Amino acid sequence: MSGRIAVVFGTRPEMIKLAPVIRMLGERALVVHTGQHFDDNMSRSFLHQLHIGEPHLHLAVGGATRGAQIGHATVAIEQFLIDERPLAVVVQGDTNSGLAGALAANATTTPLAHLEAGLRSYDRAMPEEHNRVLIDAVSDLCLAPHHSNVEALMREGVAAERIRVTGSTLADALAMIMPQPQQRAQQLTAHGVQRNGFVLATIHRAENADNAANLQAILHELAELPLPVVLPLHPRTRKRAADFGLQPLLDRLLVCEPVGYQEFISLAHESAMIISDSGGVQEEATIVKRPVLVVRNSTERPEILGTFAHLVAAGPQIGVLANDLLARLPEVHAHLEALPYPYGTNATAAVVAALDELTPKERG
Ligand code: UD1
Ligand code: UDP
């Protein structure tokens, strides 16, 4: 394949998982950033650390309402696709930016591939669940990270010919920045914690961050843990914690600004355990071999429940489960150490090979 491929993203996790694809596409990648994430520590540091460089099109939809983000980005990306006429578009995950890229591809009849297709939480309160279903519905190729995603797609009427199981590109992204022991040790010093002597937490889902009772319950549970908790704070959560008057709880945690990717993986590697409502962090737990409490009502990654991940509602169960894991930490770590990464190998090569299939001729 020699034609150009438009790679559309807007948020931190999309930059991470698309970075290996952009690298493998090389000159053929036409990079589009919607600007949904715009702080330097949510955007520029990832463009830099993952060698994505300056996007060909960089919009500024960040901070807008969901409808405005999707609408404005769709219009601008549609025009970009008309002007540049790439061979295909690739989007990743379940964000407003991904949906905008998908709709723009659809509007210009540009073949579309969706990375991380077929994940379902079946929680219709999550905007992400609607975004995923809509993106898969208009995608010409649904690229699934795990074989369990195939069934979900087929139940929604996606024909088998449109599905490929490629694995997740996360392992390839991580390989691009994998910190050496010395870099990991630097992060311990920077945050004043010790190996296996702290909990790493991230909280940003609307269902947790935007709900005062849930956010208070989560921060209270974190503050009561027997180990220090490092909490790189997502901007959504920082704003909400201030709105809800939760600074006294934050004061009991090791709160910091969002950290770079290599720094985050260093911390995850060295932590005793992770507590998070993030999607990507669940997958990373399977690489750094740490247990993760997933503070959610449901997960779109059920295949790791009971091994790496444990689902827990916002509330006292967080403390109960965390204390149970911490009480038998060496045994838990040894058990996870022996489990394989469940999301395949050489996923980026499989994704790029799948993109090869998306020629205009094949669209009939
Ligand atoms: C979005 C995605 C979510 C993903 C997350 C990754 C949707 C519906 N949600 O959620 O699936 O897990 O990104 O982190 O697409 N903000 C800043 N600076 C930034 C970025 C955001 O101040 O750099 C603020 C925004 O102004 C807004 C809030 O954070 O007030 C939420 O941002 P938004 O992009 O709407 O959603 P996320 O919570 O980041
Ligand atoms: N991450 C990071 N710095 C941080 C917090 C998270 O680099 O301070 C990375 C983390 O390693 C993971 C990704 O951001 O790969 C997850 O992003 P997020 O939780 O925002 O989104 P989700 O995966 O839930 O969509």
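The structure this text deals with has already been given above.
Attention here is on the structure that accompanies the text. (Residues numbered from 1 in each chain as written. Chains lettered and ligands numbered in written order. Predicted model: local features only at pLDDT ≥ 70, side-chain atom pairs only at ≥ 80, totals over all residues. Heavy atoms only, no water.)

1. Examining helix α15 (residues 317–327)
Our working definition: The rule is simple: take the accessible area with a 1.4 Å probe, protein chains only, and divide by the maximum for that residue type; under 20% is buried, over 50% is exposed, in between is partly exposed. Secondary structure counts use DSSP, requiring at least four H or I residues in a row for a helix and at least two E residues in a row for a strand, with both numbered from the N terminus. Directions from the helix axis toward the C-beta atoms define the arc. Contacts are assigned to residue pairs with any non-hydrogen atoms lying within 4.5 Å of each other.
All buried positions along α15 are accounted for by I318, G319, A322, L325 and L326. End-on view of α15: buried residues confined to an arc of 135°, all on one side of the axis. Where α15 is buried, its residues touch α10 (212–224), β11 (273–276), β12 (292–295), β13 (309–312) and α16 (329–337).

2. Section: the site of ligand 2
Cut-off, in case you're wondering: Throughout, near means a residue has at least one heavy atom within 4 Å of the molecule or strand. In protein, a polar contact requires one atom able to donate a hydrogen and another able to accept it; more generally it is a pair of N or O atoms within 3.5 Å, and residues adjacent in sequence count only if both atoms are side-chain atoms. Any residue outside Ala, Val, Leu, Ile, Met, Phe, Trp, Tyr, Cys, Pro, Asp, Glu, Lys and Arg is labelled polar, Gly included; the first ten of those are nonpolar and the last four are charged.
In the neighbourhood of ligand 2, 17 residues make up the surrounding shell, with R205, V259, S278, G280 and E284 lying closest. Contact between ligand 2 and V259: a nitrogen atom at 2.7 Å from a main-chain N or O atom of the residue. In this structure, S278 approaches ligand 2 through a side-chain N or O atom, which is 2.7 Å from an oxygen atom. Looking at the shell around ligand 2, the elements that each hand over two or more residues are α1 (12–25), α13 (261–270) and α14 (279–288). Among the elements that make up the shell around ligand 2, the one with the highest residue count is α14 (four residues). A per-class count over the shell around ligand 2 returns nine nonpolar, five polar and three charged.

3. Some words on the sheet that holds strand β6 (residues 141–144)
Rules: At least two DSSP bridges between two strands are required for those strands to pair. In this description, a line fitted to the C-alpha atoms serves as the axis of each element, helices being fitted only across the stretch in contact, and the angle between N-to-C directions of two axes falls anywhere from 0 to 180 degrees.
Spatial strand order, β3-β2-β1-β4-β5-β6-β7: seven strands in an open sheet with parallel pairing. Looking at the sheet topology across the chains shown, the edges are occupied by β3 (57–58) and β7 (163–165). By the bridge criterion, two bridges tie strand β2 (residues 29–33) to β3 in an arrangement that is parallel. Each bridged residue has a counterpart across the sheet, and for H33 the counterpart in β3 is H58. Sheet contacts for α1: β1 (5–9), β2, β4 (88–92) and β5 (112–115); angle to β1, the most-contacted strand, approximately 165°. On top of the sheet, helix α17 (residues 347–356) reaches β1, β4, β5, β6 and β7; it is set at about 170° to β6, its chief contact.

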